[in-house]
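# What the coordinates show
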Amino acid sequence: MNFLARFGAYALSGCLPVALVLSTDGPPRTGPGGHFSPAGFPNLLLRSHEGKEVRFYDDLLKGKVVVLHFFYTRCDGVCPQTVENLLEVQRILGERVGRDVFLHSISLKPDEDPPERLAAYAKEVGAGPGWLFLTGEVDVVERLRRGLGFVDPDPEVDKDKSQHVGMVLFGNEARQSWVACPGGSSPALMAEQILWMVPEPEERAGGGGPTDPDRTPILPGGKTK
Amino acid sequence: MVSKRKGESFRRSKKGLAPGAADGLGRRDLLKMGLLATGGYLVARKGTSSPLILVRRRDDFPPSPPTTPWAVALPMQQVAQNVALNPAPAEFPVQGEAPRAPHQKWSQFLPQKTYELVAAETTHVFHPDLPAPSTVWSFNGMIPGPLIKANYGEPIVVRFRNSLPTVAQHVGPGRPEISIHLHNGHTASESDGNPADFYATPFFKDNHYPNVLAGFASTHQPNGDPNEALSSLWYHDHRFDFTAPNVYKGLAGMYSLFDNLDTGNELTGLQLPSGAFDVPLFFADKLFQANGQVFFDTFNFDGLLGDKDTVNGKIQPYFNVARRKYRFRMLNGGPSRFYEFFLSNGLPFIHISNDGNLLPAPITKESLRISVAERIDAIVDFSNCSIGEEIILQNRLEQENGRGPTGHLLDPDEAREVLKFVVTSDADDFSEVPATLRTLPTINPNGAAATRTWRFERTNGQWAINGKFFNPNEIRATPKLNTSEIWILKNNSGGWSHPIHIHLEEFRVQKINNQDPQGTLVSRKDVIELGPNTEVKLFMQFRDWLGKYPMHCHNTVHEDHQMMLRWDVIP
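Residues numbered from 1 in each chain as written. Chains lettered and ligands numbered in written order. Predicted model: local features only at pLDDT ≥ 70, side-chain atom pairs only at ≥ 80, totals over all residues. Heavy atoms only, no water.

## Overview of the pattern of salt bridges
This structure, assessed with the given rule, holds 48 salt bridges over all chains. A salt bridge links A:Glu50 to A:Lys52; the nearest nitrogen and oxygen atoms lie 3.9 Å apart. Ionic pairing is found between A:Arg96 and A:Asp100, a salt bridge with its closest N-O pair at 2.9 Å. Salt bridges sharing partners connect three or more residues here, namely B:Asp355, B:Glu374, B:Arg375, B:Lys525 and B:Asp526. (Salt bridge = Lys/Arg side-chain N within 4 Å of Asp/Glu carboxyl O.)

Have a look at this one:
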């Protein structure tokens, strides 16, 4: 990946060149536009609630099935419900979280949410292993937010953090397969959507999807609410 | 050189729709070329010399490679052929069929014709200027899929076979699991292509289309109400969460249905233009990568706009027409663009059908507005044109993102040019524009058993109906079989437009913003363009079939982000 191509990407996305400094050459990045291409993500630097430095692509996405959303700890809007739902997802998926599935919650207010505060938050809500709360430079978080499409087309709405996009993104990086659902969606359905992303040996050997009303939940303990 | 390129394209195609890394700068170069080469497109209309600004206006994506307008003839959609199915379809699922409930009223409507449509990964040339054929998901190798021609009183089965790559093999947007919906069909639930009833390769499902008039088992036994006849339908994938990419990749086609008024023969019945002069037009806008592969943005939750307008699978085709009347069956195949079509020479459209339902009488209009998934049948009379005359079908509706139209019409010289008609010959014309078409069915809104109100909302970038998101297990309404209801749809979602589609039966608009419907809204419809701050009151009927059906926004990106709900017709 040459410098010009990368520069073009940042110029087009309207981001400050500072993002360049923070990124390193990771996988191919194809996003000349504002949104990332699933074929290439920038390897931006973030810091986890455990105090570790992590690279967005190498450490968080590469070869993984991930659940990713943006939040902030003091949010009194959509975040509490989303986090509560993700806790339920964590309960449903059990030990698969941290093994087959990784949860990433990225703070939209990195200045308010240093790693220590995120650590306290993670403990307070009861997040388990395999669930990272992340912060970083303001520009880095902004680039990730835009690149992953958590943007409102109305610039005024987009500026207002209380109206931030409450979607949760599920994806399988290797398959370039991504899908999003509202954070307020049913946790059982979210868990099912997440498992669509997880490779299975017997994967889809049998046809058919859920066929209501006689459908058997595919998740042990999954609520079919 | 050529073979090397093909190899490259093949390698990329294995990676699905995502643009390859190496495209970055080349695409920008192409962008500039594209801007120079494809004048008349929205990208060029602001008149600025900075491609960067233009790109950002267009949802932050670089434009598709340049393509020469009017270089390709409009393809006629190929008609599906009746074939024997083995094993023969049956009431209960047969060997190889995905799980489903038994076909309702099977013995009453034994299929007289059977078809097989195979969904598979194939290649398609959208335009010869693109550097390589595009990898698509098609039915029987065609974009759009084969045109099914059906007749009332002639039940059929369409075997939709999934021969796409397996989920494990597939890389990129979309998901190779399908559930095919016949849009506008008065179809039993188990053949309706429910969003949750998807199946993977190598399974198939036999969708039973009895081609029977609504009311046949209720208000108008035994044959149904002839005033409920449908004419221009389409079929498409409905797999929930992945409908937008799956349909964008090509899993859709059209379906024309005839009866003793709309006969498909211009010598009989209403004498509407027929045969070669009855032309289905499938409109779909797309983005292409520099390597010619279609591009779908999975990190966009609002709606996708393409910079290339395709008609019947070709970018900006031309169509040689004769000096006579034509019937165009126009379908907006999505995913998110709305159209308002004009003819460049001011020729009018004679609007005869809304969402596949003939109007009580033709209405002559200067322009046709079509939101996503809507269909309009219109007659255009070229008989007074001169030989050699060229007429452009223009879309003058300004739209900048998934929010919907801005509310402004573009000037003719800024319009998106979609299709060119070239008047080349004379031809006999036995067709008529009848003074009346199909009488509207008699309805009794005062007899409605219930009134339900549905608010289409957006908070924190999330699409909701009455504050809730789609869940295939949650039944949000249970109308009783053979009853009618009033459904009120409200859009307070802050300036967004939602084309709302309700399965099973056509609705009738009773009020729009507390006013009586006018013009072409006095009709049967199955999609309503629910504009910002709009409220519509609909009369709904739930006749003849039991089971689950959805209501959803047909901006398929909103739909995939759960602006959908399930309702069930119960005994």
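## Examining the sheet that holds strand 30 (residues 498–502) of chain B
Residues and elements named next belong to chain B. Spatially, 5 strands are ordered 28-36-35-30-33 in an open sheet, and the strand pairing comes out mixed. Edge positions in the sheet fall to strand 28 (475–477) and strand 33 (527–530), since each of these pairs with one other strand and no more. Here the strands of the sheet are splayed against their neighbours by 35 degrees on average, with no regard to which way each runs. As paired strands, strand 30 and strand 33 are joined by 4 bridges and run antiparallel to one another. Bridged to His501 within strand 33 is Val527. (Pairing = 2+ DSSP bridges. Helix = DSSP H or I, 4+ residues; strand = E, 2+ residues; numbered from the N terminus. Axes fitted to C-alpha atoms, helices over the stretch in contact; angles between N-to-C directions.)

## What about the environment of B:His351?
Residues and elements named next belong to chain B. Within the secondary structure, His351 sits in strand 18 (residues 349–354). Along the backbone, His351 and Pro362 are 11 residues apart, and their C-alpha atoms lie at a distance of 5.6 Å. At 3.1 Å, the side chain of His351 forms a polar contact with the backbone oxygen of Ser353. Side chain to side chain, His351 and Asn354 meet in a polar contact 3.1 Å long. (Polar contact = N/O pair within 3.5 Å; in protein donor to acceptor, adjacent residues only side chain to side chain.)

## Remarks on the confidence of the model for chain A
Interpreting fine coordinate detail is not advised for predicted regions of low pLDDT. Mean pLDDT over chain A stands at 79; residues scoring 70 or higher make up 73%. Low pLDDT, under 50, characterises residues 1–33 of chain A; the predicted model gives this stretch 69 contacts beyond four residues in sequence or across chains. (pLDDT = per-residue confidence, 0-100. Contact = heavy atoms within 4.5 Å.)

## Considering the packing of helix 4 (residues 79–93) of chain A against helix 8 (residues 187–196) of chain A
Residues and elements named next belong to chain A. Packing of helix 4 against helix 8 leaves a shortest axis separation of 9 Å and a crossing angle of 60 degrees. Here helix 4 lies oblique to helix 8, going by the angle between them. Crossing handedness for the pair helix 4 and helix 8: right-handed. Taking contact as the criterion, the partners of Asn85, Leu86, Glu88, Val89, Ile92 and Leu93 in helix 4 are, on helix 8, Pro187, Ala188, Met190, Ala191, Ile194 and Leu195. Of the residues in the contact of helix 4 with helix 8, the class split is 10 nonpolar, 1 polar and 1 charged. (Parallel < 35°, antiparallel > 145°, perpendicular 65-115°, else oblique. Left-handed = near helix turned anticlockwise from the far one by under 90°. Nonpolar A, V, L, I, M, F, W, Y, C, P; charged D, E, K, R; others polar.)

## Some remarks on the nonpolar core
In this structure, A:Phe56, A:Leu148, B:Leu489, B:Met551 and B:Trp567 are the most contacted members of the largest nonpolar core, which totals 98 residues. With 7 residues, the single largest contributor to this core is helix 8 of chain A. Residue-level mapping places this core at the junction of two domains, with at least three residues from each of domain 1 (1–436) and domain 2 (445–569) of chain B. Beyond its immediate sequence surroundings of up to four residues, B:Leu489 is in contact with B:Trp454, B:Phe456, B:Ile500, B:Ile528, B:Leu530, B:Thr534, B:Glu535, B:Val536, B:Leu538 and B:Met551. Within the second largest apolar cluster, 30 residues are counted, among which are B:Phe328, B:Leu368, B:Ile391 and B:Leu419. (Core = buried A, V, L, I, M, F, W, Y, C linked by side-chain atoms within 4.5 Å. Buried < 20%, exposed > 50% of the residue type's maximum accessible area, 1.4 Å probe, protein only. Domains from an automatic or database assignment.)

## Observations regarding the pairing of strand 7 (residues 177–182) of chain A
All names here are of chain A. In terms of residue burial, strand 7 counts as a mostly covered element, since 6 of its 6 residues are buried. For strand 6 (residues 167–172) and strand 7, the ladder comprises 6 bridges, and the chain directions are antiparallel. Residue pairing across strands places Phe170 opposite Val179, the latter belonging to strand 7. Here strand 6 hands over to strand 7 after 4 residues, with Gln176 in that stretch at a positive phi of 55 degrees.

## Examining the sheet that holds strand 3 (residues 145–151) of chain B
All names here are of chain B. Reading across from one edge, 3-10-9-6 is the order of the 4 strands in this open sheet, with mixed pairing throughout. Two strands close off the open sheet at either side, each with one partner strand: strand 3 and strand 6 (180–183). This sheet shows a mean twist of 20 degrees between the axes of neighbouring strands, independent of strand direction. Bridge count for strand 3 against strand 10 (residues 252–258) is 5 bridges, and the pairing is parallel. Residue Asn151 lies in a different strand from strand 10, and its bridge partner there is Phe258.

## A few points about helix 5 (residues 115–125) of chain A
Residues and elements named next belong to chain A. Those residues of helix 5 lying buried are Pro115, Leu118, Tyr121 and Ala122. All buried residues of helix 5 fall inside an arc of 120 degrees around its axis, so they share one side. In helix 5, the exposed residues that point more than 90 degrees away from the buried face are Glu116, Lys123 and Glu124. Directly beyond the C-terminal end of helix 5, a positive phi value near 90 degrees is found at Gly126. (Arc of directions from axis to C-beta.)

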